[in-house]
Amino acid sequence: MPKHSRKNRDADADKRAESIRALPQIDECLRAAEANPELARFGRSYLKVMLQRAQAELRAAILSGRDTHPRSRDTLIDAIVREVARAAAADEPVLEPVVNATGVVLHTNLGRAILAEPAIEAVEIAARSAVNLEYDLETGGRGDRDSIVEDEICALTGAEGATVVNNNAAAVVVALNSLAEGREVIVSRGEMIEIGGSFRLPDVMAKSGAILREVGTTNRTHPRDYADAIGTETALLLKVHPSNYRVVGFTSEVTLEDLVEIGRARGIDVMEDLGAGALIDLTEYGIPREPIVRERIAAGAAVVTFSGDKLLGGPQAGVIVGRRAAIERIKRNPLKRALRCDKLTLAALAATMRLYLRSRDLRKELPTLRILGRSASEIASIAPRAREIVAERLGAGYIVEIVDASSQVGSGAMPVEELKSVALRVTHPEKSASAITAMFRRARIIGRVLDDSFHLDLRTIEDPAVFAVKLETD
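What counts as what
- Residues numbered from 1 in each chain as written.
- Predicted model: local features only at pLDDT ≥ 70, side-chain atom pairs only at ≥ 80, totals over all residues.
- Heavy atoms only, no water.
- Pairing = 2+ DSSP bridges.
- Helix = DSSP H or I, 4+ residues; strand = E, 2+ residues; numbered from the N terminus.
- Axes fitted to C-alpha atoms, helices over the stretch in contact; angles between N-to-C directions.
- Contact = heavy atoms within 4.5 Å.
- Parallel < 35°, antiparallel > 145°, perpendicular 65-115°, else oblique.
- Left-handed = near helix turned anticlockwise from the far one by under 90°.
- Nonpolar A, V, L, I, M, F, W, Y, C, P; charged D, E, K, R; others polar.
- Phe/Tyr/Trp six-rings, centres within 6.5 Å; stacked < 30°, edge-to-face > 60°.
- Buried < 20%, exposed > 50% of the residue type's maximum accessible area, 1.4 Å probe, protein only.
- 1 Å grid on protein atoms, 1.4 Å probe; cavity = no way out; pocket = protein on both sides within 12 Å on 5 of 7 lines; lining within 4 Å.
- Points joined across faces, edges and corners; volume = space filled by probe spheres on them.
- Lys, Arg positive; Asp, Glu negative; His and termini not counted.
- Salt bridge = Lys/Arg side-chain N within 4 Å of Asp/Glu carboxyl O.
- Expected span 1.5 Å × (residues − 1).
- Polar contact = N/O pair within 3.5 Å; in protein donor to acceptor, adjacent residues only side chain to side chain.
- Core = buried A, V, L, I, M, F, W, Y, C linked by side-chain atoms within 4.5 Å.

Participant: Which residues make up the sheet that holds strand 14 (residues 448-450), and what values do they have?
Facilitator: The strands making up a sheet associate through hydrogen bonds between their backbones, and the pairing can be parallel or antiparallel. If you trace the four strands from one edge of the open sheet to the other, you get 11-12-15-14, paired in antiparallel fashion. Looking along the sheet, the strands with just one partner apiece sit at the ends: strand 11 (399-407) and strand 14. Between one strand and the next, the sheet's axes are offset by a mean angle of 40°, whatever the strand orientation. Bridging between strand 12 (residues 419-427) and strand 15 (residues 453-457) involves four bridges; their strand directions are antiparallel. Paired with Ala423 across the bridge in strand 15 is Asp457. Set on the sheet, helix 19 (residues 433-442) makes contact with strand 12, strand 14 and strand 15; between it and strand 15 the angle comes to about 40°.

Participant: Could you give an account of the packing of helix 2 (residues 26-34) against helix 4 (residues 73-90), naming the residues involved and the relevant values?
Facilitator: Put simply, helix 2 and helix 4 touch, their axes get as near as 10 Å, and they point 60° apart. Overall, the two elements helix 2 and helix 4 adopt an arrangement that is oblique. Like other packed secondary-structure pairs, helix 2 and helix 4 cross with a definite hand, here right-handed. Here Glu28, Cys29, Ala32 and Ala33 of helix 2 come into contact with helix 4, specifically with Arg73, Ile77, Ile80 and Val81. Of the residues in the contact of helix 2 with helix 4, the class split is six nonpolar, no polar and two charged.

Participant: Go over the packing of aromatic side chains with me, naming the residues and quoting the values.
Facilitator: Following the criterion strictly, the structure yields two aromatic pairs and no others. Seen from their ring centres, Phe42 and Tyr46 are 5.0 Å apart, and the 35° between their planes marks the pair as tilted. Judged by relative accessible area, which is 25%, Tyr46 ranks as partly exposed.

Participant: Let's hear about the sheet that holds strand 9 (residues 303-307): which residues, and what values?
Facilitator: The seven strands are arranged 2-10-9-8-7-3-6 in an open sheet whose pairing can be described as mixed. Edge positions in the sheet fall to strand 2 (161-165) and strand 6 (211-215), since each of these pairs with one other strand and no more. Going from strand to strand, the sheet's axes swing by 25° on average, the running direction of each strand aside. For strand 2 and strand 10 (residues 318-322), the ladder comprises five bridges, and the chain directions are antiparallel. Bridging from a neighbouring strand, Val164 pairs with Val319 of strand 10.

Participant: Outline the layout of surface pockets, listing residues and values.
Facilitator: In this model, the largest pocket occupies a volume close to 990 Å³. Along the wall of the largest pocket there are 32 residues; nearest its centre are Val98, Leu110, Arg112, Ala113 and Ile114. Elements with a contribution of two residues or more to the lining of the largest pocket: strand 1 (99-100), helix 5 (117-128) and helix 16 (367-372). By residue number, the principal contributor to the lining of the largest pocket is helix 16, which donates four residues. Considered class by class, the residues forming the lining of the largest pocket number 17 nonpolar, seven polar and eight charged.

Participant: An account of the side chain of Glu152 is requested, with residue identities and associated values reported.
Facilitator: Checked against the element boundaries, Glu152 lands in helix 6 (residues 150-157). Here Glu152 occupies a buried position and makes no salt bridge, while the nearest side chain of opposite charge, Arg354, is found at 4.2 Å. Residue contacts for Glu152: discarding those within four places in its chain leaves Met353, Arg354 and Leu357.

Participant: Could you give me a rundown of the pattern of salt bridges, with the residues and numbers involved?
Facilitator: Taken as a whole, this structure holds 28 salt bridges when the rule is applied. The partner of Arg289 in a salt bridge is Glu295, with the nearest N and O atoms 2.7 Å apart. The shortest N-O distance in the salt bridge between Arg385 and Glu388 comes to 3.2 Å. Residue Arg385 and its partner Glu388 are located together in helix 18 (residues 383-394), separated by three residues, close to a single helical turn. What makes Glu388 partly exposed here is its relative accessible area of 48%. Through salt bridges with shared partners, one network takes in Glu134, Arg142, Arg145 and Arg340.

Participant: Which residues make up helix 4, and what are the values?
Facilitator: Between the first and last C-alpha of helix 4 there are 26 Å, a value that for 18 residues agrees with the 26 Å anticipated at 1.5 Å per step. Turning to helix 4, its buried residues number three or more, namely Leu76, Ile77, Ala79, Ile80, Val81, Val84, Ala85 and Ala88.

Participant: Could you give an account of the environment of Glu184, with specific residues and numbers?
Facilitator: Among the structural elements, Glu184 can be located in strand 3 (residues 184-188). For Glu184, a relative accessible area of 19% corresponds to the buried category. Excluding residues within four positions of it along the chain, Glu184 makes contact with Ile211, Arg213, Ala229, Glu233, Thr234, Ala235 and Leu236. There is a polar contact of 3.4 Å between the side chain of Glu184 and the side chain of Arg213.

Participant: Tell me about the nonpolar core, and please be specific about residues and values.
Facilitator: One recurring pattern in soluble globular proteins is that nonpolar side chains are buried together. One finds Leu237, Phe306 and Val321 to be the most contacted residues of the largest nonpolar core, which totals 56 residues. Broken down by element, this core gets its largest block of residues, six residues, from helix 14 (residues 343-358). Val321 has contacts with Ile153, Thr157, Ala159, Gly161, Ala162, Val293, Ile297, Ala302, Val303, Val304, Phe306 and Ile327, leaving out every residue within four places of it along the chain. If you look at the next biggest cluster of nonpolar residues, it comprises 28 residues, including Met192, Ala235, Val303 and Leu339.

See the structure below:
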């Protein structure tokens, strides 16, 4: 290596080291920030975090050679404070609204169900003021937070009792722990499901303290398999609705009705995990049928668990319904307190349940039902306007086409059912689908890549104006 090149490199390294040493202490920057009129309204803790970020970015720029200008200490302090002022002005909440054009209606990563307006209003009221969460307004004594939703849930499901925890996995855990801790729970091997995030039912059961006893095979389980497995340590027979997969072909499963008969003959209760959980017959709205909670209770299940933020269309919650004695045991479990819902969730869930009971036009008022029930022709009617807006925002070079599409319910519900839809396919002769995806993602519009092209599924889009955003096409 030539000597002058080595000298230049060493000189650059010395300059970077000198610049790093010149970086001011956070306390110095904090005093300057508190004197800045644009930052005076912020707390010290927030300013300190923002200053540390700005200083780290400046240090990285110096070390990488992107910032090569030597500056005085005062100039560096000023630069850091100005960067903090800029960042604070642009600072936004961590949870940001996005446009879901993925074709997955109940998208777990995007928050699943959109709440109905009455549920949103109920959350706002509960958030803004003190509420009678556990206070009996009649007697002035302590109340039960489950009473906020229990009557409505029981009316809708036909159950004797109900309670609520923070999600359906929690519902399964607390129910099994309450009814079968240290004892056996018999379940079909074909129902040993894995739910989102690699959470597996056997692992959930292990955490509950129940002992798993698998029967049958992956594709075929018969009534005699359950009957032969029942022993003195059997506490429950468990049925799991395969809401996120289907086994097809040479298969056999035991119906809930048959399982109840087997259990009744031996004095063993049956629990069913429905997962998505439908409260009504969805076929009335053009949606594929799912087991209805009321029917499962009528068939004899002692306990049924299901989600609040899937087909029900409410907030994240795990709903547990069933016979009064079983529900009371679950309510008395100390684990129930650790998994209970807060006032905001209960407010939203209660408002959603009241909609089911009171509404004359549930499809109109419940976003999940409305979006899932949209016909392909209804979606197609907005496609030309959506295409026009997207094409105008993209400009020359991009090709925007209207194509047929298939949407999914999402969140593990109805995995093999496809809902006919319409999408916009966006391509560019020189840009990859991933590059186009990133461009839309920066504008908070989330689509999907299919067959090496970017798609915006219009099932969840009711107003094409949501696409009227600035796109960084360069």
